[in-house]
Amino acid sequence: MSYRIEGRDGEWEVVVGMEVHAQVVSNAKLFSGASTAFGAPPNSQVSIVDAAFPGMLPVINRECVAQAVRTGLGLNAEINLVSRFDRKNYFYADLPPGYQISQYQHPLVGSGALAIELADGTSKDIGITRLHLEQDAGKSLHDQHAEKSLIDLNRAGVALMEIVSEPDIRSPEEAGAYLRKLRTILRYLGTCDGNMEEGSLRADVNVSVRRPGEPLRTRCEVKNVNSVRFVMQAVEAEARRQIAVWEEGGAVEQETRLFDPARFETRSMRSKEEAHDYRYFPDPDLVPLTLDPAWIEELRAALPELPDAKKARFMAEYGLSAYDASQLVAEAPTAAYFETLARGRRPKTVANFMLGDISAALNRLGHSFASTPLFTTKATGALLDMIEDGTINGRIAKQVIEEMEVSGEGAEAIVERLGLRQVTDTAAIEAAVAEVLARESAKVAEFRAGKEKLFGFFVGQVMKAMGGKGNPALVNDMLKRKLS
Ligand code: MN
């Protein structure tokens, strides 16, 4: 089902393209040796290049280029053997040279594609137009002094990858799925940490609307949206605003806008610049960037297994559903956790526990599979083994997980301390069954008269009488025998 917004007189289609700025994981900046560590004191990581002292000369950082190439390969995109750096000229207080070194006509990476997964189980390819390298600007601080604005240049010159998509996105859901998938790939590759709160990943969302089947209409760019949820909301809010403009007989003006999540609306920031406003020209300080195909192949050979390939392998090798597999591969450490546990155990049981009760516990604790000191693979493995060998049943396992969360003890210690071992003693089970059937004689009569769905009620009562510790299979067998 395609997504449509109902207007006053008919349906509208939403068309979205995204430009994502991803900060490159690198110890040094794109054209200087200054550090890129987050959270350092203001202006403590600034070289003469970043501050644009007269006579400074930029020198390209090979590792930043390698990271951009890895990202291009991860997006199944063409890598251009020759690319060029241009100056994009504009004035801003936190941009000391008066220009940003970027790539315009000759980007490092050309067209590629990224597959997004949707809630209905389908997937869709979103085209990647290009990826280029550029410098970040510094940061203006307007809230530190009563009359003055302060400038922090630590971020100036940090390498960014600008990743531009084709206008293939057709709904808020697809926009969110695109950003999530892009973040997953970047994190697998280790080329961007994907931390949206720290600004390592920022999305500019281009939105337009049209009647289904019509050519494209004017778009607006919603700038610097910093979470997946806000991207989805910004698409919807901006589309609804444009529909109202068109339906009132007006025309949408091309401009840059900002999204205000508190008011669920976008507002105008400035009219959109055209490329010629920036007076792009080749940076005379930098020669064109030429890459050796052998080096690209070296980088390709060293790429990790990426999420789509891992998902397909999890389905084939472990017999998981597409849904479970995509949940498990969303973060590389989660996938590794699964594979450690699945060795020698039933993969479906491992997946169910990880995505169910263990995930719930981690959420409550604020832990993740990557870093939890409590639910290590060893601790979770011990718990799963106790279910597998019949020491406890699945219901008790839930209780053990909750107790682990509170006391920090291991599963075995909790089972011993609280006496949670499953009861497999047939005499004890028989006694519990007899007690329940004697007490519920009226229901027994109804059952024997044909009300068979009461069976579940008897199972529940027997388990309750046994403190949840009865072996479910044995309880079922005994009840069937006694009720027949
Ligand atoms: Mn940019």
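Residues numbered from 1 in each chain as written. Predicted model: local features only at pLDDT ≥ 70, side-chain atom pairs only at ≥ 80, totals over all residues. Heavy atoms only, no water.

Novice: Help me out: how do you make sense of the pattern of salt bridges in this one?
Specialist: Pairing is possible between side chains that carry opposite charge, provided their charged atoms lie close to one another. Counted according to the given criterion, the structure contains 43 salt bridges. Arg70 is paired through a salt bridge with Glu63; the nearest N and O atoms lie 3.3 Å apart. In this structure, Arg257 and Glu238 form a salt bridge, with 3.4 Å as the shortest nitrogen-oxygen distance. One end of the pair, Arg257, is in strand β13 (residues 255–260); the other, Glu238, is in helix α3 (residues 228–247), with 19 residues separating them in the sequence. Taking the relative accessible area as the measure of exposure, Arg257 reaches 6% and is therefore buried. We classify Glu238 as buried; its relative accessible area is 0%. (Salt bridge = Lys/Arg side-chain N within 4 Å of Asp/Glu carboxyl O. Helix = DSSP H or I, 4+ residues; strand = E, 2+ residues; numbered from the N terminus. Buried < 20%, exposed > 50% of the residue type's maximum accessible area, 1.4 Å probe, protein only.)

Novice: What should I look at first to understand the pairing of strand β6 (residues 112–117) in this one?
Specialist: Looking down a regular strand, the side chains alternate between one sheet face and the other. Of the strand pairs in this sheet, β6 and strand β7 (residues 123–135) are connected by 6 bridges, and their pairing is antiparallel. From the neighbouring strand, Leu114 faces β7, where its bridge partner is Ile126. Joining the antiparallel neighbours β6 and β7 is a turn of 5 residues, in which Gly121 adopts a positive phi near 90°. (Pairing = 2+ DSSP bridges.)

Novice: Help me out: how do you make sense of the side chain of Gln103 in this one?
Specialist: You can see Gln103 is positioned in the loop between β5 (99–102) and β6. Separated by 3.4 Å, the side chain of Gln103 and the backbone oxygen of Arg84 make a polar contact. Of the polar contacts made by the side chain of Gln103, one reaches the backbone nitrogen of Leu108; its length is 3.2 Å. In this structure Gln103 touches Ser83, Arg84, Phe85, Asp86, Leu108, Arg130, His132 and Leu133, once residues within four positions along its chain are discounted. (Polar contact = N/O pair within 3.5 Å; in protein donor to acceptor, adjacent residues only side chain to side chain. Contact = heavy atoms within 4.5 Å.)

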